[in-house]
Amino acid sequence: MNELQFKRHRRLRQSANMRALVRETILNVNDFIYPIFAVEGENIKQEVSSMPGVYQFSLDRLQEEMDEVVSLGIKSVLLFGIPDHKDAVGTEAYHSHGIVQEATRFIKQHYPDVLVVADTCLCEYTDHGHCGVIEGEKVLNDASLDLLVKTAVSQAEAGADIIAPSNMMDGFVVAIRKGLDEAGFEDVPIMSYAVKYASAFYGPFRDAADSAPQFGDRKSYQMDPANRLEALREAESDVEEGADFLIVKPTLSYLDIVRDVRNEFRLPVVGYNVSGEYSLVKAAALNGWVDEKTIVLEMLTSMKRAGCDLIITYFAKDVARWISNSDK
Ligand code: PBG
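Residues numbered from 1 in each chain as written. Predicted model: local features only at pLDDT ≥ 70, side-chain atom pairs only at ≥ 80, totals over all residues.

The name given to the protein chain in an unreviewed UniProt entry is Delta-aminolevulinic acid dehydratase, and the organism recorded there is Heyndrickxia ginsengihumi. In its Function (unreviewed entry) section, the UniProt record describing the protein chain reads: "Catalyzes an early step in the biosynthesis of tetrapyrroles. Binds two molecules of 5-aminolevulinate per subunit, each at a distinct site, and catalyzes their condensation to form porphobilinogen." Quoted verbatim from the Cofactor (unreviewed entry) field of the UniProt record, the comment on the protein chain reads "Zn(2+)". (UniProt positions renumbered as here; feature names shortened; annotations may be inferred.)

Here you go:
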């Protein structure tokens, strides 16, 4: 026996099967929610320039995307809409035949088992690009709530299975819960963007959804990336107000927050692996600087290890392919 005393951790790493035996975190296709951008118009399948592999689809082209999603075993999609006209109060967000409402009807009619999660926000629908109504340069809280409630109810009427409010107005969960209940949708859960930072990682999404603010920024309603306790206060309010899921967004730079929220609350925690996190990896992979498959699986595994029960990711289709073919 060696005189040195130390532990032989490598015993459990010596073969692929041994590593598989002790692996603590395993990605499953059920973990993923895939975002889809539905655009008004005909015969459109338009790649988002800053997000290679992500497209805007008009309703008549949505079938090809949905067929692929279903064939890969993905069970939930998160719907965003790009309307054909915008105004100061985001009318198209709560129009009964708005783009998200129609896309929801299409999916529920042709793929009834797929869960439709509707993103509830106004920024894609307002001409100023803010997530609520404005007075001068101020984004009004309570006046915005009324419109968000109308949006959520119209999404539920179209058949949305889950409402996902992303606007960061105070009180949006309780307002939407009450609105849904009064309209008879007490069984429709709310997946709240409970902890949403004012992040530069949303840049490519704003190309995809055409939702960049036309003046100022979102710092008066989205959170300061420097803050950790504030995340717990935000999540606590949403739990009290009746949320069913808690989203932390972005995810990769905020894994400490994911862990805090996972430890503190009992609801399912959802990480949103946002557009900028996708585009950084895509750009490097397209240049041959990183190995895309390995790095994406490592990133998503880290998110799950940090405490994400579910992950919203533009990589969902790729991952579904990779893990079904994996020889691990
Ligand atoms: C709408 C919304 C945004 C994202 C999801 N919902 C943009 C924003 O807040 O500016 C970002 C998603 C992503 O970057 O992938 N408020």
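Draft legend 1. Region of interest: the UniProt feature "binding site: Zn(2+)" (unreviewed entry) in the protein chain. UniProt annotation of "binding site: Zn(2+)" (unreviewed entry) refers to Cys121, Cys123 and Cys131 when read in the numbering used here. Assignment of secondary structure puts Cys121 in the loop between β5 (115-120) and β6 (134-135). The residues touching Cys121, leaving out its near neighbours within four places in the chain, are Cys131, Ser166 and Asn167. In this structure, Cys131 sits in the loop between β5 and β6. Once you skip the residues sitting within four places of it in the chain, Cys131 turns out to touch Cys121, Leu122, Cys123, Asn167, Met168, Arg218 and Tyr221. (Helix = DSSP H or I, 4+ residues; strand = E, 2+ residues; numbered from the N terminus. Contact = placed C-beta atoms within 7 Å.)

Draft legend 2. View of the pairing of strand β2 (residues 45-48). In the sheet, β2 pairs with strand β3 (residues 51-57) via four bridges, with the strands oriented antiparallel. Residue pairing across strands places Glu47 opposite Tyr55, the latter belonging to β3. Here β2 hands over to β3 after two residues, the two strands then running antiparallel side by side. (Pairing = 2+ DSSP bridges.)

Draft legend 3. The arrangement of unusual backbone geometry in detail. Here the amide bond leading from Lys249 into Pro250 is cis, since omega sits at -10 degrees, within 30 degrees of zero. Position of Pro250 among the secondary structure elements: in the loop between β10 (245-249) and α8 (255-264). Despite not being glycine, Asn43 shows a phi value in the positive range, around 55 degrees. In this fold, Asn43 is placed in the loop between β1 (32-39) and β2. One non-glycine residue with positive phi stands out, namely Asp210, at about 50 degrees. The residue Asp210 is located in the loop between α6 (203-208) and α7 (229-241) in this model.

Draft legend 4. Highlighting the UniProt feature "binding site: 5-aminolevulinate 1" (unreviewed entry) in the protein chain. UniProt feature "binding site: 5-aminolevulinate 1" (unreviewed entry): in the numbering of this structure it lies at Arg206 and Arg218. When you line up the elements, Arg206 lands in helix α6. Relative to the helices and strands, Arg218 is located in the loop between α6 and α7. Exposure remark for Arg218: the 20 C-beta atoms within 10 Å place this residue in the buried category. (Buried ≥ 20, exposed ≤ 12 C-beta atoms within 10 Å, placed from the backbone.)

Draft legend 5. Layout of the site of the ligand. In the vicinity of the ligand, 13 residues are found, and the nearest of them are Ser166, Tyr202, Phe205, Val274 and Ser275. Class assignment for the residues of the shell around the ligand results in six nonpolar, four polar and three charged. (Near = placed C-beta within 6 Å. Nonpolar A, V, L, I, M, F, W, Y, C, P; charged D, E, K, R; others polar.)

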